[in-house]
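Structure assessment
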Amino acid sequence: MKAMKRPILIHPDPRLKKVCVPVPDLSDDLRVLADDMLETMYAAPGIGLAAPQIGILQRLIVLDCVKEDDDEPRPLVMFNPEIISSSGETNVYEEGCLSIPDQYAEVTRPKVVEVEWMDRDGKAQRETFDGLWATCVQHEIDHLNGKLFIDHLKPLKRQMITRKMQKLKRERARA
Ligand code: NI
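A brief look at the structure comes next. (Residues numbered from 1 in each chain as written. Predicted model: local features only at pLDDT ≥ 70, side-chain atom pairs only at ≥ 80, totals over all residues. Heavy atoms only, no water.)

**A short note on helix H1 (residues 28–43)**
- For H1, which comprises 16 residues, the first-to-last C-alpha distance of 22 Å matches the rise-based estimate of 22 Å (1.5 Å per residue) to within 8%.
- For H1, the complete set of buried residues consists of Leu30, Leu33, Ala34, Asp36, Met37, Leu38, Thr40 and Met41. (Helix = DSSP H or I, 4+ residues; strand = E, 2+ residues; numbered from the N terminus. Expected span 1.5 Å × (residues − 1). Buried < 20%, exposed > 50% of the residue type's maximum accessible area, 1.4 Å probe, protein only.)

Here it is, written out as structure tokens:
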């Protein structure tokens, strides 16, 4: 079956503030969902997407931080991802989010994280991520806990971005 693009929710939306529930046993429905999320992410284009961003409140994220077009893509599907350990050393990246279009801000996070998850075949995986991959996986796992990258910013900056998004949503609703 061909993967299908799903509409991405735009902040502010109550579904983006919810703590998502763990995925129980893997099913074909969940694999279809993961494939749809990858399709949606690549089409956006983006480097990560979490299930709540398409209105599904389950612990599932997808990511692919391979930047160069010449390199092989590396789509990762993570069910119930968990950060096992984080480095004391931090990294600053300018982050964006498909649910907060065209807004970017610097966020400080641990530079290296070790993550455990269940893959698309239901197998347990564990891997250490560094650099952009580490930032991206932390950003996506935040989504599963109802947290957006703007929640890492100072309140004034966060409010400014939220107001811009409210305006964008009003404009889109009128169009
Ligand atoms: Ni995001």
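From this point, the narrative continues.
**Side note on the pairing of strand S7 (residues 124–130)**
- Relative to S7, strand S6 (residues 112–118) runs antiparallel, the two being bridged by 7 bridges. Note that in S7 the partner of Val112 across the bridge is Asp130.
- Adjacent in sequence and paired antiparallel, S6 and S7 are bridged by 5 residues, among which Gly122 carries a positive phi angle near 85°. (Pairing = 2+ DSSP bridges.)

**Considering the coordination of the nickel ion**
- Each protein donor to the nickel ion is listed here as Cys97 (SG), His139 (NE2) and His143 (NE2); together their distances run 2.1 to 2.3 Å.
- Each donor residue of the nickel ion lies on one chain, and together they are spaced C-x41-H-x3-H. Here Cys97 is found in strand S4 (residues 90–97), whereas its partner His139 is found in helix H2 (residues 131–144), with 42 residues between them in sequence. This pair shows no difference in class: Cys97 is buried, exactly as His139 is. (Donors = N, O, S within 2.8 Å, 3.2 Å for Na, K, Ca; no water.)

**Some points on the nonpolar core**
- The biggest cluster of nonpolar side chains holds 17 residues, and the ones touching the most others in it are Ile61, Leu63, Met78, Val115, Phe129 and Val137.
- At 6 residues, H2 tops the list of elements feeding residues into this core.
- The residues contacting Met78, other than those within four sequence positions of it, are Arg59, Leu60, Ile61, Leu63, Val115, Trp117, Met118, Phe129 and Val137.
- Formed by 16 residues, the second largest nonpolar core is a distinct cluster that contains Leu30, Leu33, Met37 and Leu60. (Core = buried A, V, L, I, M, F, W, Y, C linked by side-chain atoms within 4.5 Å. Contact = heavy atoms within 4.5 Å.)

**Here's the deal with the sheet that holds strand S2 (residues 60–63)**
- As summarised here, the arrangement of the 5 strands in space is S1-S2-S3-S6-S7, forming an open sheet in which the pairing is antiparallel. Whereas interior strands pair on both sides, the edge strands pair on one side only; in this sheet they are strand S1 (48–50) and S7. Strand-to-strand twist of the sheet, defined as the mean angle between neighbouring strand axes without regard to direction, takes the value 40°.
- Relative to S6, strand S3 (residues 76–86) runs antiparallel, the two sharing 5 bridges. Bridged to Glu82 within S6 is Glu116.
- On the sheet, H1 packs against S1, S2 and S3 and is oriented at approximately 40° with respect to S2.
- Each of S1, S2, S3, S6 and S7 is contacted by H2, which is oriented at about 155° to S2, the strand it contacts most. (Axes fitted to C-alpha atoms, helices over the stretch in contact; angles between N-to-C directions.)

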